[in-house]
Structure formats: C-alpha cells, structure tokens
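For reference, the chains in residue letters:
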Amino acid sequence: MSECSKIIGYVLAWIALLLSIATIATPEWRKNDVQGEVVETIIRTQGLWWKCTFYPTGNWQCDDYDRFFIALPTAVIGARVFCMLSLVFQLIVIIVVPLGFQACMCIDKNVVRNKQKIIITAGALSLLAGCCIGTAVSWYAALVVEDYSRYATGLSAGIETTVQRFVYG
C-alpha cells in the first residue's frame, strides 16, 4: 500500500469523523409535516439529543429531551448507542492510522507487515463505524415511518389525535 493512499485514507477518516459529529449533533432528524396544520409556519424538529421549534419571526428554541434513557423510544436509544460507537471507532482510526505511516518510528520501520496490519485494522474499523452510523440513521428512519403510518391509520379510522405528524428531516 502506497504512502499516498494511506494519507488519503487518513484525510477521509477526518472528514468522516467531522460529518458524523455534524450528523449526530443536528436537531433535524425529523420535522413536522406542516400540511394541514392551522399554523403552517411553525416548524418543529427533533434529533437524537434536542427538540427545536422555529418560529416565523426568526426566533427558535431548543430543549433537550426531558428524559435520558427511561421512556425514550427504543429507536432513539439505539441510534444514540450506534452513533457513539461510530464516533469511538472513528477516533480509534484517527489515532491508529499514523502508526502505519512509514515515517512513524513508533513501530519498527523494517517490519512492514505490522504496519500493513495496522492500516488494514484501521480500514476495518472505519467500515464498522460507517455501518454503525448507517444502522443508527436507518433505525431512526424506521421510527419516523412507523409514527407516520400510526398517525395516518389513526386518522383513517376516525380517531382524533393531537399527535403531530413528522417526516424525514
């Protein structure tokens, strides 16, 4: 494996870490469907950690969830766990990849095989981190679909509900 490809992989690992942090921190994993609402200009969003309300005046207000783990939907808890696992794996990759560079003297420079194993392990961890973040997003998306279909079924059965309808953010 060439040194240039290792450096490119390292840069991509940093980009993946920054994008994962941005994805996890954003409060717009799902947002309210404003069609059919009386006040269609108020937008409510929910993420893994915060619930936000955006008003037409330009003001906004974000609150964290009132409960940490107890009584949260399983998909939110699972998405949090998988996102944190992804961040841990990506941080390990960021720390370990430089050990596989030829310029690193931490490991015997003549033992190329050890450096290759380090890079391969980092690549596997990077793939695992991607699978974890993909699982988290998919699980949360399934929650959005389930809630939306539950809302639609409740309306079609003639049951009045005050629960808001959310779509993908």
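About the cut-offs
Residues numbered from 1 in each chain as written. Predicted model: local features only at pLDDT ≥ 70, side-chain atom pairs only at ≥ 80, totals over all residues. Heavy atoms only, no water. Phe/Tyr/Trp six-rings, centres within 6.5 Å; stacked < 30°, edge-to-face > 60°. Helix = DSSP H or I, 4+ residues; strand = E, 2+ residues; numbered from the N terminus. Buried < 20%, exposed > 50% of the residue type's maximum accessible area, 1.4 Å probe, protein only. Pairing = 2+ DSSP bridges. Axes fitted to C-alpha atoms, helices over the stretch in contact; angles between N-to-C directions. Disulfide = S-S within 2.5 Å. Parallel < 35°, antiparallel > 145°, perpendicular 65-115°, else oblique. Left-handed = near helix turned anticlockwise from the far one by under 90°. Contact = heavy atoms within 4.5 Å. Nonpolar A, V, L, I, M, F, W, Y, C, P; charged D, E, K, R; others polar.

1. Considerations on the packing of aromatic side chains
Link 1 in the chain: Taken as a whole and judged by the stated rule, the model has four aromatic pairs.
Link 2 in the chain: Relative to tyrosine 140, the ring of tryptophan 29 has its centre 5.1 Å away and its plane inclined at 75°; by these criteria the two rings are edge-to-face. With a gap of 111 residues between them, tryptophan 29 in the loop between α1 (3-25) and β1 (30-32) and tyrosine 140 in helix α3 (residues 112-156) connect regions that are remote in the sequence.
Link 3 in the chain: For tyrosine 140, a relative accessible area of 1% puts it in the buried group.

2. Considering the sheet that holds strand β4 (residues 60-64)
Link 1 in the chain: Taken together, five strands build an open sheet; the order of strands is β4-β3-β2-β1-β5 and the sheet is antiparallel. On the outer flanks of this sheet lie β4 and β5 (166-168), each paired with one strand and no other. Taking the axes of each pair of neighbouring strands and ignoring which way they run, one obtains an average angle of 25° across the sheet.
Link 2 in the chain: In this structure, β1 lies alongside β5, joined through three bridges in antiparallel fashion.

3. So, the state of the cysteines
Link 1 in the chain: Tallied over the full model, the rule gives one disulfide.
Link 2 in the chain: Sulfur-sulfur distance for the disulfide between cysteine 52 and cysteine 62 comes to 1.9 Å. Judged by the sign of its S-S torsion, about 110°, the bond between cysteine 52 and cysteine 62 is right-handed. Of the two residues, cysteine 52 is situated in strand β3 (residues 50-54) and cysteine 62 in strand β4; the sequence distance between them amounts to 10 residues.
Link 3 in the chain: With relative accessibility at 32%, the residue cysteine 62 sits in the partly exposed group.

4. A closer look at the packing of α1 against helix α2 (residues 74-96)
Each pair of packed helices gets described by two things: the angle between the helix axes and the distance between those axes.
Link 1 in the chain: Between α1 and α2, the least distance of the axes is 10 Å, while the angle of their chain directions is 155°. By the angle between their axes, α1 is roughly antiparallel relative to α2. Considering the relative orientation of α1 and α2, their crossing is left-handed. Residue-level inspection shows Tyr10, Ala13, Trp14, Ala16, Leu17, Ser20, Ile21 and Ile24 of α1 in contact with α2, the latter providing Cys83, Met84, Ser86, Leu87, Gln90, Leu91, Val93 and Ile94.
Link 2 in the chain: For the contact of α1 with α2, the residue count by class is 13 nonpolar, three polar and no charged.

5. Concerning the pairing of β4
A regular strand carries its side chains on alternate faces of the sheet.
Link 1 in the chain: For β3 and β4, the ladder comprises five bridges, and the chain directions are antiparallel. Paired with tryptophan 50 across the strands is aspartate 64, a residue of β4.
Link 2 in the chain: Between β3 and β4, which pair antiparallel one after the other, the connecting turn spans five residues, and glycine 58 there sits at a positive phi close to 100°.

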